[in-house]
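# Residue-level structure breakdown
Here are the chains, one letter per residue:
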Amino acid sequence: MLDLVIKNAKVFTPSGYFEGDIGVKDGKIVKIGDIQEQSDKTLNVQGKYVVPGLIDGHTHMEFPFMGEVTADDFYYGTSAAVGGGVTTIVDFVTPSRGQDLLSAYQKWRETADPKVISDYGLHMIIREVNPTIMEQIPEVINRGVMSFKLYMAYKGELMVTDGELFKLIREISSHGGVVGIHAENGEVINELVQEYIREGKVDPIYHYYSRPDEVEIEAANRVASIASLIKGVTMYQVHTSTGEAVDVMSLYRSKGMNYFNETTPHYLILTLEALKKPDGFKYIMSPPLRSDDQRTKLWQKLAAGDIATVGSDHCVYSVSQKKRHKEEVPSFHEIPNGVPGTETILPLLFYFGVKKGKISMERFVEVISTNPAKLFGLYPRKGAVVPGADADFAVIDPERKVKISPDVLHSNIDYTIYDGIEVEGWNVATVRRGEVVMEEGQITAKNGSGVYVPGKSLK
Ligand code: DUC
Ligand code: ZN
Ligand code: ZN
């Protein structure tokens, strides 16, 4: 007796398409084909598309940053995830200054475990270097945190120096870890920010002017050069916003090195024009939104296979937090950086990418599920539709028309940066380890029913 049979599925994977039924037992896929066996539950998905559950490799739940803690805790944040067909998030453990990595990991687990409804993995942010931190890198990897994030921006807060970058990349790589990089030149940004403040130029658009394309491109080149001094690295530039930074990674990849990129839906859908709107403060994230020209380049590079993954950088602040609890919009440099995104990866990429003919269904699945699973050591448990894998699926109604608004989303905020955008194609059900955790927008999973999924190191 099976627990669940998904009937009449049109299944898309990176290697192609098939039609059939999927049988699930004890949370795992056990059979694929024409299934006649009895099951406790049947989900008939006639006419729908089934893809492996999305892996959002970039979320910041309960993230203390720029004087605020993000408004989505692990319950709201993973509700939004599950609402959008994301069955696994990979969140960033963020040690406070002076805190060691293992106690930060422990704190993240204790915070997340009772609340999560999607499954989750963890990355580790390293913001400072000392002997304890260096010693703990292999221990953190042993606990399944095999990917890291190092910041080249946010001077005085998260930024590390070039020397620290070199030491950390070498240590992480020697233990089979993946090195994620926030590539922006923090020194130059600082100068530009101070100049604009002195000149009284403090509207949200100055966030863009103080972080021009070149600060990302320079940092991408610099970190690539630094990493090329070290053997056996796997580098990963997160939230890449310029075509030129993607080209840097492609160049190093063509020399035989492991260099990958992530981009996010906001760079593919929006442009810097949003920062000029009366509510432009809602659109402040880093790197900032870019020109239409950059947006076009990113789509081309995504289609060509030069961008490995699309993650959301889900980092949610309420309007009140964005305005730092004031009436007036504060200076751009005081507005906490971050936007919502995990719930809208699927509809935005499906509609603007697949339906508009920019990317294939195979590529769609690869960048939102299979590739992040591979990069973060979760594959083939996650990101694959094969017997033995976790039974995680997003079920897409390819014809469903939805106008995006906070009413159809599950975050703990009352706005979305995609408000009013109409899409065709929507996630109508989410299955997580064989349990139907969302159907037609109704989330049925219990707090804490998600599990921690340790990532396997590359060694
Ligand atoms: N960028 C953001 O927009 N938010 C969180 C941190 C970051 O790097
Ligand atoms: Zn970042
Ligand atoms: Zn981020």
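Our structure is the block above this text.
Please read all numbers here as calculations on a predicted model, not as lab measurements.

### Section: the coordination of the zinc ion (ligand 3)
For the zinc ion (ligand 3), the full set of protein donor atoms is His58 (NE2), His60 (NE2) and Asp313 (OD), at a range of 2.0 to 2.3 Å. Between the donor residues of the zinc ion (ligand 3), the gaps in sequence give the motif H-x1-H-x252-D. A separation of 3.7 Å is found between the zinc ion (ligand 3) and the zinc ion (ligand 2). On the criterion of sequence distance, the pair formed by His60 in the loop between strand 6 (54–59) and strand 7 (64–65) and Asp313 in the loop between strand 15 (309–310) and helix 11 (319–322) is long-range, its members being 253 residues apart. For Asp313, a relative accessible area of 7% puts it in the buried group.

### Examining the pairing of strand 3 (residues 28–33)
Pairing between strand 2 (residues 16–25) and strand 3: five bridges, direction antiparallel. What sits directly across from Val24, in strand 3, is Ile29. Where strand 2 folds back onto strand 3 in an antiparallel hairpin, the turn is made up of two residues, including Asp26, whose phi is positive at roughly 50°.

### Description of the site of ligand 1
Around ligand 1, 13 residues are found, and the nearest of them are Tyr154, His182, Met285, Ser286 and Asn337. The contact in question runs from a nitrogen atom of ligand 1 to an N or O atom on the side chain of Tyr154, over 3.5 Å. Separating an oxygen atom of ligand 1 from a side-chain N or O atom of His182 is a distance of 3.0 Å. For ligand 1, the protein covers 100% of the area, taking 230 Å² as the surface of the free molecule. Its residues assigned to classes, the shell around ligand 1 comprises six nonpolar, five polar and two charged.

The rules behind these values
- Residues numbered from 1 in each chain as written.
- Chains lettered and ligands numbered in written order.
- Predicted model: local features only at pLDDT ≥ 70, side-chain atom pairs only at ≥ 80, totals over all residues.
- Heavy atoms only, no water.
- Donors = N, O, S within 2.8 Å, 3.2 Å for Na, K, Ca; no water.
- Helix = DSSP H or I, 4+ residues; strand = E, 2+ residues; numbered from the N terminus.
- Buried < 20%, exposed > 50% of the residue type's maximum accessible area, 1.4 Å probe, protein only.
- Pairing = 2+ DSSP bridges.
- Near = heavy atom within 4 Å.
- Polar contact = N/O pair within 3.5 Å; in protein donor to acceptor, adjacent residues only side chain to side chain.
- Areas by Shrake-Rupley, 256 points an atom, 1.4 Å probe, with all protein chains shown as cover.
- Nonpolar A, V, L, I, M, F, W, Y, C, P; charged D, E, K, R; others polar.

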